[in-house]
Every structure is written in structure tokens, then in C-alpha cells.
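# Residue-level structure breakdown
One-letter residues, chain by chain:
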Amino acid sequence: MIITLTTPAMLFPAVSLLLLAYTNRFVTLASIIRTFDPKLEDENITEQITNLRKRIYLIRRMQEAGVVSFFLCVLSMMAIYLEYQQIGSYIFGASLVCLMYSLYLSVREITISCDALELHLQYFSTNFKQRHNKK
């Protein structure tokens, strides 16, 4: 397959926005973690912290895969520019594989995030039931 210099260039906006979204997720998690008070530890908070650790690890791997994808995309453009068409195509393919891996990790992180919200909602529904039964 012959690709032109513009083919890898089309990934630039997508990968840049993806990395920005990953960074925003990381910043949000960091602010949540900083609000935890270590003195107020119960089973729910312990489970939430475990969940947050998993999510931070996944976000770090998502960012790494996204950056590698971006790097390979630039490298493929350089190879195509220097008229190494076949090598540029292979590097671009590797860039797409890294991007797919990053997106897969993103879906896993979203799933864990939804599980965390469900856990949090169960805690509130339990507290609501307890308060309602006391009246």
C-alpha cells in the first residue's frame, strides 16, 4: 500500500485531542485523590482508593501508548518525506496499532470508572435506606 505524506498527518489532530482528554482524566483523578482524608478510612473509601489506583495505572499506559503512536506517526512522515515509502508505511501501521491499544485501555478505564460510580451509589443507597428505616 502506498500512502502519502498527508495520510499520517491526518492523525495529528486526533492524537493531540486524545492526549488532551487523557491528561484531563488524570488531573481529575489527581484532584479526587487529594481530597481523601487518610483519617476517614472505611471499607467504601478503601475500595474507591483501590479503584483509583487501577485507573491511574491505566491512564498512564493510555498516555504512553498515545505518545508512542504520535511519535511513530511523525517518524512515518519523516520516512515518507525522505522517500522510504515502504518503511514509512510499516511505521504508520505500528502507529495505528499503538493508537488502537490506547483506545482499548481507554475503554477499560471507562468501565472501571463506571464500576466505581456504581460502588459509590450503592453506598449512598445503603445510607438512605438506613436513614429511612430510623424514622
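Residues numbered from 1 in each chain as written. Predicted model: local features only at pLDDT ≥ 70, side-chain atom pairs only at ≥ 80, totals over all residues. Heavy atoms only, no water.

Glancing now at the side chain of Ser106. By the secondary structure assignment, Ser106 is in helix H4 (residues 85–134). Assessed through its relative accessible area of 8%, Ser106 is described here as buried. (Helix = DSSP H or I, 4+ residues; strand = E, 2+ residues; numbered from the N terminus. Buried < 20%, exposed > 50% of the residue type's maximum accessible area, 1.4 Å probe, protein only.)

Now for the nonpolar core. If you look at the biggest cluster of nonpolar residues, it comprises 17 residues, and the most contacted ones within it are Leu11, Val15, Tyr22, Met62 and Leu99. Of all the secondary structure elements, the ones that give two or more residues to this core are helix H2 (11–35), helix H3 (43–81) and H4. When neighbours within four sequence positions are excluded, Val15 is seen to be in contact with Gly66, Ser69, Phe70 and Leu99. (Core = buried A, V, L, I, M, F, W, Y, C linked by side-chain atoms within 4.5 Å. Contact = heavy atoms within 4.5 Å.)

Another point: H2. Taking 1.5 Å of rise per residue, 25 residues should cover 36 Å, and H2 covers 37 Å from first to last C-alpha, within 8% of that figure. Those residues of H2 that fall on the buried side of the exposure criterion are Leu11, Val15, Leu18, Leu19, Tyr22, Leu29 and Ala30. (Expected span 1.5 Å × (residues − 1).)

Nonpolar side chains collect at one region of the surface, where Leu5, Phe71, Leu75, Met78, Tyr81, Leu82, Tyr84 and Ile87 lie side by side and expose about 830 Å² of accessible area between them. With 4 residues, the top contributor of residues to the nonpolar patch is H3. Relative to the helices and strands, Leu75 resides in helix H3. (Patch = residues over 30% accessible without salt bridge, like charges linked within 9 Å, V, L, I, M, F, W, Y side chains within 5 Å. Areas by Shrake-Rupley, 256 points an atom, 1.4 Å probe, with all protein chains shown as cover. Salt bridge = Lys/Arg side-chain N within 4 Å of Asp/Glu carboxyl O.)

Moving on, we get to the UniProt feature "transmembrane region" (unreviewed entry) in the chain. UniProt marks residues 12–33, 62–81 and 87–107 with the feature "transmembrane region" (unreviewed entry), using the numbering shown here. Between the C-alpha atoms that bound residues 12–33 the distance is 32 Å, and the span itself is 100% helix and 0% strand. Each end of residues 62–81 is marked by a C-alpha atom, and these two atoms are 29 Å apart; helix forms 100% of the span and strand 0%. (UniProt positions renumbered as here; feature names shortened; annotations may be inferred.)

Once that is clear, we can look at the pattern of salt bridges. Enumeration over the complete set of coordinates arrives at 3 salt bridges. Across the salt bridge formed by Glu64 and Arg60, the nearest N and O atoms sit 3.8 Å from each other. Of this pair, Glu64 and Arg60 both sit in helix H3, separated by 4 residues, roughly a single helical turn.

Within the chain, residue pLDDT values average 84, and 90% of them lie at 70 or more. Model confidence for the chain, summarised as mean pLDDT per element, is weakest for helix H1 (residues 6–9) at 80 and strongest for H3 at 89. (pLDDT = per-residue confidence, 0-100.)

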